[in-house]
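One letter stands for each residue in the lines below.
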Amino acid sequence: MNTNGRYSRSRTLFRDAQSVIPGGVNSPVRAFRGVGGTPPYVQSAAGAYVMDEDGNRYLDFVGSWGPMIVGHTHPAVLEAVQETLKRGFSFGAPTAGESRFARMIIERVPSVEMVRLVNSGTEATMSALRLARAATGRDLLVKFAGCYHGHADPFLVAAGSGTLDIGVPDSPGVPKAVAAGTLIARFNDLESVDALLQAHPGRVAAIIVEPVGGNAGCIPPVPGFLEGLRRLCDAQGSLLIFDEVMTGFRVARGGAAELYDIRPDLITFGKVVGGGFPIGAYAGPSSIMRQVAPSGPVYQAGTLSGNPVAVSAGIATLELLDQEAYRTLEALGQHVEDGLTRAIREGGWPMVVQRVGSMFTPFFRSEPVRNVDDASDADMPRFRTFFHAMLGRGYYLAPSAYECSFLSLAHTRETLNGFLESAVGVLTGIMQTERV
Ligand code: KE4
């Protein structure tokens, strides 16, 4: 817990904020409900580091929950944003940059021919679902327990991410009629999907999936899972939606669709695509996307959608993410995984580290984590002890056992060696104290 004086200013700010903002935060996961204690109030960030209001510096593994893949305040992104700002903030009119940005996304993701920009991942998934329902004339949605697709009503059923930390995977306020339209399957379990499709023949508009589970910790798809979803959708006439808000431009230049060589019908993006500015997107083949207003009847709109400042950050970020960047991110991820896994093996500790590219989660459980039930079976008190001990040593991991930690191009083998040395020391202490 943050009990020493090093967090006094954050503690004061957090206490004050709770009288004017629900829970003191503008997004629940920031409140540390998953780990307890006071969240450090970030005052600034640069490269791989964030600095809090008490003058503490942390090697950052949260990265704004994914967007900061090139590092904080990257000079190229900063310059692009500053240049755009001089020409104006927002126009509510089309700009040349939006088409350029759309073409960059199309060039990177094989199944995408058209893109609509929105302002968040939630808007992207909400809009993609409406489009899928219109395109198929069907109403039902299949999602997976523990997957999180933002906070639109249809997705707050057996959700993941912060809903698990505060125990509301089925949020109050979602009408029963809406929740009834969302069918729940088990991640990495094709039979659970087939059973739902057989029970509702011809009625499922879409299956939405995080191709790599990232909201119950990092849960890779087992071999054949994604290919099976593709086959089931084809057989049923349902659309396959890859929610790549977290994996898009994170796990490969073309996201998980490229990494696993799957062609989903629709893909949603967020986080990395905005480079730290509010951008979401949904995308797919022209045959489907043309149905979106004003070219088609499926209505979706947004005052700040395609905002020129945000788009300039997205363009500058994607320009930095060439194949060399992904080789670097993979090497850094492998280095972290190898370092932790070696210590776990030598210590005989009941832990697994699961990773895809530069997103990873240490689970305090011996067996692999294949779904949210496995993730919930991990030793949460031990995770909390580990998290706070590492925070106290200047390493800011994701403050929840149900989240992923992220690496960036600003992390180095040297800084990660320091992280690994601290992590192994802390874990050794935990396991010895608990005589594991
Ligand atoms: P936003 O509306 O938060 O931009 O995106 C929602 C979303 C959709 N799909 C996936 C796969 C996501 O991971 C997210 C958002 N992720 C959470 C954390 N895992 C964002 C952090 C937060 O809620 O503050």
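Since this is a predicted model, take the numbers as computed values, not measurements. (Residues numbered from 1 in each chain as written. Predicted model: local features only at pLDDT ≥ 70, side-chain atom pairs only at ≥ 80, totals over all residues. Heavy atoms only, no water.)

A. View of the site of the ligand. With respect to spatial proximity, 17 residues lie near the ligand, and among them Ser27, Thr122, Asn215, Asp243 and Glu403 are the closest. Tyrosine 148 places a polar main-chain atom, nitrogen or oxygen, 3.4 Å from a nitrogen atom of the ligand. With respect to the ligand, the side chain of asparagine 215 contributes an N or O atom lying 2.5 Å from a nitrogen atom. Against a free-state accessible area of 530 Å², the protein chains account for coverage of 87% of the ligand. Looking at side-chain class alone, the shell around the ligand contains five nonpolar, eight polar and four charged residues. Counting residues domain by domain, the shell around the ligand receives three or more from each of domain 1 (8–61 + 323–435) and domain 2 (75–320). (Near = heavy atom within 4 Å. Polar contact = N/O pair within 3.5 Å; in protein donor to acceptor, adjacent residues only side chain to side chain. Areas by Shrake-Rupley, 256 points an atom, 1.4 Å probe, with all protein chains shown as cover. Nonpolar A, V, L, I, M, F, W, Y, C, P; charged D, E, K, R; others polar. Domains from an automatic or database assignment.)

B. Quick peek at the sheet that holds strand β3 (residues 57–60). Pairing within the open sheet is mixed, and its four strands lie in the order β1-β2-β3-β13. Of all the strands in the sheet, the pair left with one neighbour each is β1 (42–46) and β13 (395–396). Relative to strand β2 (residues 49–52), β1 is paired through four bridges, and the arrangement is antiparallel. Looking at β2, one finds that alanine 45 is bridged to valine 50. (Pairing = 2+ DSSP bridges. Helix = DSSP H or I, 4+ residues; strand = E, 2+ residues; numbered from the N terminus.)

C. The arrangement of the domain arrangement of the protein chain in detail. Splitting the protein chain by domain gives domain 1 (8–61 + 323–435) and domain 2 (75–320). Domain 1 and domain 2 are separated by 26 Å when their C-alpha centres are compared. With 28 residues of domain 1 at the interface, the matching set in domain 2 holds 30 residues. Each partner contributes to the roughly 2300 Å² buried at the junction of domain 1 and domain 2, and carbon and sulfur atoms together form 62% of this total. (Contact = heavy atoms within 4.5 Å. Buried area = accessible area lost by both parts, 1.4 Å probe.)

D. Representation of the environment of tyrosine 402. For tyrosine 402, the position within the fold is in the loop between β13 and β14 (405–406). Along the primary structure tyrosine 402 and leucine 164 are separated by 238 residues, whereas in three dimensions their C-alpha atoms are 7.4 Å apart. Each residue touching tyrosine 402, except ones within four places of it in the same chain, is listed here: Ser161, Leu164, Asp165, Gly214, Asn215, Ala216, Gly217, Ala375, Ser376 and Met380.

E. View of the sheet that holds strand β12 (residues 359–363). Strand order in this open sheet of three strands is β11-β12-β14, and the pairing throughout is antiparallel. Of all the strands in the sheet, just β11 (352–356) and β14 have a single pairing partner and so form its edges. The pairing of β11 with β12 spans five bridges and is antiparallel. Counterpart to valine 353 in the pairing with β12 is proline 362. Of the strands in this sheet, β11 and β12 touch helix α12 (residues 323–347), which is tilted by about 170° from β11. (Axes fitted to C-alpha atoms, helices over the stretch in contact; angles between N-to-C directions.)

F. Highlighting the pairing of β2. Because side chains alternate across β2, one face comprises the buried residues Val50 and Asp52, and the other comprises Tyr49 and Met51, none of which is buried. Linking β1 to β2, which pair antiparallel, is a turn of two residues; within it glycine 47 sits at a positive phi near 60°. Bridge analysis of β2 against β3 gives three bridges, and the strand direction is antiparallel. Residue pairing for β3: methionine 51 is matched across the bridge by arginine 57. Counted between consecutive antiparallel strands, the loop separating β2 from β3 contains four residues, among which glycine 55 sits at a positive phi close to 85°. (Buried < 20%, exposed > 50% of the residue type's maximum accessible area, 1.4 Å probe, protein only.)

G. Just the pattern of salt bridges, in detail. Taken as a whole and judged by the stated rule, the model has 16 salt bridges. Across the pair glutamate 107 and arginine 108 runs a salt bridge, and its minimum N-O distance is 3.3 Å. On the accessibility criterion, arginine 108 (9% relative accessible area) is buried. Close ionic contact of aspartate 377 with arginine 365 constitutes a salt bridge, the shortest N to O distance being 2.7 Å. Of this pair, aspartate 377 sits in the loop between α13 (372–376) and α14 (380–392) while arginine 365 sits in the loop between β12 and α13, placing them 12 residues apart in sequence. Judged by its relative accessible area of 10%, arginine 365 falls in the buried class. Taken together, the salt bridges that share partners define one network made up of Glu107, Arg108 and Arg253. (Salt bridge = Lys/Arg side-chain N within 4 Å of Asp/Glu carboxyl O.)

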